[in-house]
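# Fold and geometry: a report
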Amino acid sequence: MSSSVGRTLATIGTALVALYVFWDAHCPRNARRRIRQKLPANLDEWRIPGNCAEDEERIWLQLDEILGRWGFTQWQHYMASILEAPGKAPQLSSGFGYTPLARTTPIRLGRFEYTNPLSRAVRTQDGHDVIIRVIVIGQEGHEHLKILRKLATGPLSLYSENHALPMFAELQFEDIIFGVFPKVGGSVLRAHGYWPRNSVGDIVDVLLQMLEALVFIHSHNVAHRPESLAAKKISISRPRVYLIDFEVAMQFSEDCPIEQRVCRQCPPEVKSGKPYDPFKLDVWQLASSLHKFKSKIPAIDETLAAMTDDDPVFRLDARQALDRLGHIVASMPPESLLFEPEGAFKFKSSTN
């Protein structure tokens with residue numbers, strides 16, 4: 001990360017903390033309680049407040065004054081679960097979200113599609129876009145916060161092998177703790193089977209980074225649990241993949257025996273209800289998310305299949321999968337991966 005981007009991030013974090021401290025000291029206690037009473041009582045109520053976008057918007061409308069005092073301007077509701085950047089002011093780069101020049105315009109960086117209303121896109125006073133995420137409400141979410149403090153802040157956040165999205169700051173309102181994160185480009189779910197014409201090499205690069213992310217967090221006893229073809233040339237600029245959402249992640253102590261590092265919840269591939277290895281489940285979930293991706297290169301497709309073996313004993317762990325896939329890719333010239341995977345989105349155009 002460049003020094004200029006580092007200074008920008010440090011400035012954002014310092015400004016947020018300063019505004020938060022000022023507001024916390026000057027907001028009357030009764031006013032805070034009145035606002036709190038209008039907000040969800042727990043994470044589930046915030047995650048699913050109702051059956052429509054209006055119910056989701058109503059929550060964040062109650063927080064508008066608080067966010068304003070913290071120096072934030074909320075992004076506006078665009079449609080369904082999509083927000084758009086406020087006003088017409090040009091976006092400022094934070095070093096986390098980019099778009100290829102071939103896309104002509106970075107308009108998609110001005111949109112934010114959320115999975116649930118626990119996350120909200122906002123703009124800081126100096127024009128940078130960040131994501132506020134509800135992490136703790138009352139007694140819920142403290143393990144999530146503990147994992148974020150371990151991986152997304154401090155010394156571990158400085159390692160290149162760590163793909164956890166960094167957390168700029170923690171902000172607290174009554175019994176609610178919010179995390180502030182950089183806004184990145186978009187979801188890797190868009191990398192395949194949709195409109196971007198990514199090559200097999202592009203998608204495998206993303207997969208290698210995702211495996212590297214799992215290897216890193218697994219090595220620290222955390223289980224996560226859940227455009228070149230148009231020009232016919234290899235992209236020199238590769239987007240970095242970030243790991244987000246540790247809400248259902250599990251952390252084990254250093255002295256916890258390996259045989260006791262199991263979960264008792266039932267994952268998709270285990271119907272017996274017996275304890276399972278959450279680290280092997282991470283690998284299964286990763287490969288399963290790419291179940292429609294077929295590279296048409298036997299060695300790569302066989303590796304993906306080995307990552308979803310029904311028997312966890314024979315399933316590859318993250319390190320094994322990373323080493324095997326990395327060896328396969330290293331043995332091939334980059335040009336040999338410059339083709340569309342099976343099942344790629346087809347455009348009805350005479351130029352394609």
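As a convention, each chain's residues are numbered from 1 in the sequence order in which they are written. Where totals are concerned, whole chains, interfaces and linings use all residues; where local detail is concerned, this predicted model gives features only for residues with pLDDT of at least 70, and gives and counts side-chain atom pairs only at 80 or more. Calculated side-chain values reflect all of the structure's heavy atoms, with hydrogen atoms and water omitted.

## Regarding the overall build of the protein
For the purposes of this entry, the term helix denotes a DSSP run of H or I that reaches at least four residues, the term strand denotes a run of E that reaches at least two, and both are numbered from the N terminus. Across its full length, the protein carries ten helices and ten strands. With a 1.4 Å probe rolled over the protein chains alone, any residue whose accessible area is under 20% of its type maximum counts as buried; one over 50% counts as exposed, and the rest are partly exposed. Counting every position in the protein, which comprises 352 residues, the buried fraction comes to 46%. Every accessible area reported is derived by Shrake-Rupley at a probe size of 1.4 Å, with residue values counting cover from the shown protein chains alone. Within the structure as shown, the protein displays about 18,900 Å² of accessible surface, and the carbon and sulfur contribution to it stands at 56%.

## Some points on the pattern of salt bridges
Put simply, a salt bridge is a Lys or Arg side-chain nitrogen that is within 4 Å of an Asp or Glu carboxyl oxygen. Inspection of every chain in the model, using the stated rule, returns eleven salt bridges. A salt bridge links Arg47 to Asp44; its shortest N-O distance comes to 2.5 Å. With a gap of three residues between them, Arg47 and Asp44 both fall in helix α3 (residues 43-47), about one helical turn apart. For Asp44, a relative accessible area of 53% corresponds to the exposed category. Where Arg120 meets Glu57, a salt bridge forms, and the shortest distance between an N and an O atom there is 2.8 Å. Linking Arg120 in strand β5 (residues 119-123) with Glu57 in helix α4 (residues 53-62), this pair joins segments that are 63 residues apart in sequence. Assigned by exposure class, Arg120 and Glu57 land together as buried. Each of the salt bridges in this network shares a partner with another, and the network as a whole consists of Arg29, Arg32 and Glu174.

## Quick word on the packing of helix α9 (residues 298-306) against helix α10 (residues 318-330)
For the pair α9 and α10, the least separation of the axes is 10 Å and the interaxial angle reads 175 degrees. With respect to α10, the element α9 is oriented roughly antiparallel. Contacts between α9 and α10 involve Ala299, Ile300, Thr303 and Ala306 from the former and Ala321, Arg324, Leu325 and Ile328 from the latter. Among the residues forming the contact of α9 with α10, the class breakdown is six nonpolar, one polar and one charged. Axis geometry follows a simple rule: fit a line to the C-alpha atoms, using only the stretch in contact for helices, then measure angles between N-to-C directions, giving values from 0 to 180 degrees. When an angle is under 35 degrees it counts as roughly parallel; over 145 it counts as roughly antiparallel; between 65 and 115 it counts as roughly perpendicular; any other value is oblique. The criterion used for residue contact is that any of the two residues' heavy atoms lie within 4.5 Å. Throughout, the ten residues Ala, Val, Leu, Ile, Met, Phe, Trp, Tyr, Cys and Pro are labelled nonpolar, Asp, Glu, Lys and Arg are labelled charged, and all others, Gly among them, are labelled polar.

## Notes on the pairing of strand β6 (residues 129-137)
Across a regular strand the side chains alternate sides, sitting on one face of the sheet and then on the other. With nine of nine residues buried, β6 is to be regarded as a mostly interior element. As judged from the five bridges shared by β5 and β6, these two strands associate in the antiparallel manner. In the sheet register, Arg123 faces β6, and the bridge partner there is Asp129. Strand pairing follows a simple DSSP-based rule, namely that at least 2 bridges must link the two strands. In textbook terms, the turn of a hairpin is the stretch between consecutive antiparallel strands, and for β5 and β6 this stretch comprises five residues, one of which, Gly127, has a positive phi near 95 degrees. Relative to strand β8 (residues 176-182), β6 runs antiparallel, the two being bridged by seven bridges. Looking at β8, one finds that Arg133 is bridged to Gly179.

## Looking at the nonpolar core
Among buried residues, the Ala, Val, Leu, Ile, Met, Phe, Trp, Tyr and Cys ones that are joined through side-chain atoms within 4.5 Å form a nonpolar core. Of all hydrophobic cores here, the largest spans 37 residues; its most connected members are Leu151, Leu211 and Met307. Those elements that place two or more of their residues in this core are α6 (142-151), α7 (200-219), α8 (278-288), α9 and α10. Element by element, the count of residues in this core is highest for α7, at 13 residues. Those residues within four positions of Leu211 in sequence are excluded, and the remaining contacts are Leu286, Met307, Ala318, Ala321, Leu322 and Leu325.

## Re the sheet that holds β5
Pairing is antiparallel in the open sheet, where five strands are placed in the order β1-β5-β6-β8-β7. Edge positions in the sheet fall to β1 (73-74) and β7 (169-173), since each of these pairs with one other strand and no more. Set on the sheet, α4 makes contact with β1, β5, β6 and β8; between it and β5 the angle comes to about 50 degrees.

## What about the sheet that holds strand β3 (residues 82-84)?
Here three strands make up an open sheet; going across it, the order is β2-β3-β4 and the pairing antiparallel. The two strands at the open ends of the sheet, each matched to only one other strand, are β2 (76-79) and β4 (111-113). Within this sheet the neighbouring strands show an average axis-to-axis angle of 35 degrees, counted without direction. Strand direction decides the pairing type here: β2 and β3, joined by three bridges, are antiparallel. When the sheet's bridge partners are listed, Gln76 is paired in β3 with Glu84.

## Observations concerning the packing of aromatic side chains
Ring geometry is summarised as follows: Phe, Tyr and Trp rings, the Trp one being its six-membered ring, pair when their centres sit within 6.5 Å, and such pairs are stacked at plane angles under 30 degrees, edge-to-face over 60 and tilted between the two. Under the counting rule described, the total for this entry stands at six aromatic pairs. Between Trp46 and Trp60, the ring centres sit 5.6 Å apart and the planes meet at 65 degrees, which makes this aromatic pair edge-to-face. Here Trp46 is found in helix α3, whereas its partner Trp60 is found in helix α4, with 14 residues between them in sequence. For Trp46, a relative accessible area of 0% corresponds to the buried category. With relative accessibility at 0%, the residue Trp60 sits in the buried group. Where Trp60 meets Phe178, the ring centres are 6.4 Å apart and the plane angle is 55 degrees; that geometry is what we call tilted. In this pair, Trp60 sits in helix α4 while Phe178 sits in strand β8, placing the two residues 118 residues apart along the sequence. Ring-pair connections join several aromatic residues into one group, and the members of that group are Trp46, Trp60, Trp70 and Phe178. In this arrangement the basic side chain of Arg111 is found over the ring face of Tyr78, its NZ or CZ atom lying 4.1 Å from the centre. Lysine NZ or arginine CZ positioned within 6 Å of the ring centre and within 35 degrees of the ring normal marks a charge as sitting over the ring.

Structural measurements only, silent on function.
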